[in-house]
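Chains, contacts and geometry: an overview
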Amino acid sequence: MQIHGFNKTTLLDYPEHIAATVFTGGCNFRCPFCHNGELVLDPGCQPLIPEEEVLSYLKKRQGILQGVCVTGGEPTLQRDLRAFLQKIKELEYPIKLDTNGYMPGVLWELLQEHLIDYVAMDIKASRDNYARAAGLPHIDISHIEESIGILKSSGIPYEFRTTVVKGIHTVVEFEKIGKWIAGCPAYYLQNYEENENCLYRMIQTAECDDVKPGGVDPFGAFSREELEQMEELARKYVGKVILRGVE
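Residues numbered from 1 in each chain as written. Predicted model: local features only at pLDDT ≥ 70, side-chain atom pairs only at ≥ 80, totals over all residues. Heavy atoms only, no water.

**So, the packing of aromatic side chains**
- One pass over the structure, following the stated rule, counts six aromatic pairs.
- Note on phenylalanine 6 and tyrosine 57: the rings are 5.6 Å apart at their centroids and 85° apart in plane angle, and the pair reads as edge-to-face. Of this pair, phenylalanine 6 sits in strand β1 (residues 3–10) while tyrosine 57 sits in helix α2 (residues 51–60), placing them 51 residues apart in sequence.
- Ring geometry for tyrosine 192 and phenylalanine 219: centres 6.2 Å apart, planes at 80°, overall edge-to-face. In this pair, tyrosine 192 sits in the loop between β7 (187–191) and α8 (199–207) while phenylalanine 219 sits in the loop between α8 and α9 (224–235), placing the two residues 27 residues apart along the sequence.
- A relative accessible area of 4% means that tyrosine 192 is categorised as buried. (Phe/Tyr/Trp six-rings, centres within 6.5 Å; stacked < 30°, edge-to-face > 60°. Helix = DSSP H or I, 4+ residues; strand = E, 2+ residues; numbered from the N terminus. Buried < 20%, exposed > 50% of the residue type's maximum accessible area, 1.4 Å probe, protein only.)

Shown next, in the form of structure tokens:
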């Protein structure tokens, strides 16, 4: 496992669990607003944390921690993910997986082997806006469709979530997204926040030496009123819609 980050205790990453979070490197998406730009573009520049160190800590915290979240980057790209999750399961931890849903075969196998107990899958945008949001001009949307279907029939708790970005999304698009994921138990809308590690900043800096921090941000956050409009549109089709990052 290429582990490039380890949060030993969190109350935020795994709903209703005191958890630890493992960050893997690399991603098959290039979402320009991604906050983990270094993990996506150049995971090798980040310290590599030995798998044994993580497992040793989890063993020591048995009975205190209530779960483990595996996130990224994109964890389903890791060749050793299955074996790593098996080792966590041997320590009797519930596991939450964060994924962009572009590897439905991996998701299916992990579910069939009962290696994951909760999944949070990103819905980057509506179908017709997905390529722009994911930063992939030739994205195959069928992979996302398949993962949505797998989760809906999985029988385990799961959520869909969208980072909502002014400059990428529109308010009316959330009617389309709501229809697409209709029937899911929970849908989270996370308002965009600027961050110096955003992927678009790193790409600009790599391509042009004149790009300096503090330039004009091409993206922005939506107002509370706009987010509530999105919430209302999605709620026609989804039982629970929750706003995050709203003041």
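Picking up where we left off.
**Points about the packing of helix α4 (residues 104–112) against helix α6 (residues 141–152)**
- Look at α4 against α6: their axes get within 9 Å of each other, and the N-to-C directions meet at 15°. Here α6 runs roughly parallel to α4, going by the angle between their axes. Of the two possible hands of crossing, α4 and α6 adopt the one that is left-handed. When α4 is examined against α6, the residues Pro104, Leu107, Trp108 and Leu111 are found in contact with a partner set consisting of His143, Glu146, Ser147, Ile150 and Leu151.
- For the contact of α4 with α6, a count of residues per class yields six nonpolar, two polar and one charged. (Axes fitted to C-alpha atoms, helices over the stretch in contact; angles between N-to-C directions. Parallel < 35°, antiparallel > 145°, perpendicular 65-115°, else oblique. Left-handed = near helix turned anticlockwise from the far one by under 90°. Contact = heavy atoms within 4.5 Å. Nonpolar A, V, L, I, M, F, W, Y, C, P; charged D, E, K, R; others polar.)

**Description of unusual backbone geometry**
- Backbone torsion omega between glycine 72 and glycine 73 reads 10°, so that peptide bond is classified as cis.
- Positionally, glycine 73 belongs in the loop between β3 (67–71) and α3 (81–90).
- Of note, glutamate 16 is a non-glycine position whose phi angle comes to about 65°, a positive value.
- Topologically, glutamate 16 is positioned in the loop between β1 and β2 (19–24).
- One non-glycine residue with positive phi stands out, namely glutamate 92, at about 65°.
- Locating glutamate 92 in the fold gives a position in the loop between α3 and β4 (95–99).
- Classification of glutamate 92 by relative accessible area gives exposed; the value is 69%.

**A closer look at the sheet that holds β2**
- Here we have eight strands laid out as an open sheet, ordered β1-β2-β3-β4-β5-β6-β7-β8, and mixed in their pairing. This sheet does not close on itself; its edge strands, each paired only once, are β1 and β8 (241–244). On average, adjacent strands in this sheet sit at an angle of 20° to one another, irrespective of strand direction.
- Pairing analysis gives four bridges linking β7 to β8, with the strands arranged parallel. (Pairing = 2+ DSSP bridges.)

**A closer look at the environment of tyrosine 237**
- Among the secondary structure elements, tyrosine 237 is positioned in the loop between α9 and β8.
- Residue tyrosine 237 is classed as partly exposed on the basis of its relative accessible area of 25%.
- In this structure, the C-alpha to C-alpha distance between tyrosine 237 and leucine 227, residues ten residues apart in sequence, is 16 Å.

**Some words on the environment of phenylalanine 219**
- Residue class for phenylalanine 219 comes out buried when judged on its relative accessible area of 12%.
- Separated by 25 residues in the primary sequence, phenylalanine 219 and arginine 244 have C-alpha atoms spaced 17 Å apart.

**Quick word on helix α7 (residues 173–180)**
- In terms of burial, α7 is largely enclosed, as six of its eight residues are buried.
- Along α7, the positions that sit buried rather than exposed are Glu173, Phe174, Glu175, Ile177, Gly178 and Trp180.
- Where α7 is buried, its residues contact α5 (130–134), α6, β6 (158–164), β7 and α9.

**Thoughts on the pairing of strand β5 (residues 118–122)**
- The buried fraction of β5 is high, at five of five residues.
- Neither face of β5 is left uncovered, since the one carrying Tyr118, Ala120 and Asp122 and the one carrying Val119 and Met121 both have all their residues buried.
- Strand direction decides the pairing type here: β4 and β5, joined by four bridges, are parallel. Across the sheet, residue lysine 96 finds its bridge partner in β5, namely tyrosine 118.
- Assessed by its sense of winding, the connection that carries the chain from β4 through α4 to β5 is right-handed.
- Where β5 and β6 come together, four bridges link them in parallel fashion. Its bridge partner being in β6, valine 119 is matched across the sheet by tyrosine 158. (Right-handed = clockwise from strand over helix to strand, strands pointing away.)

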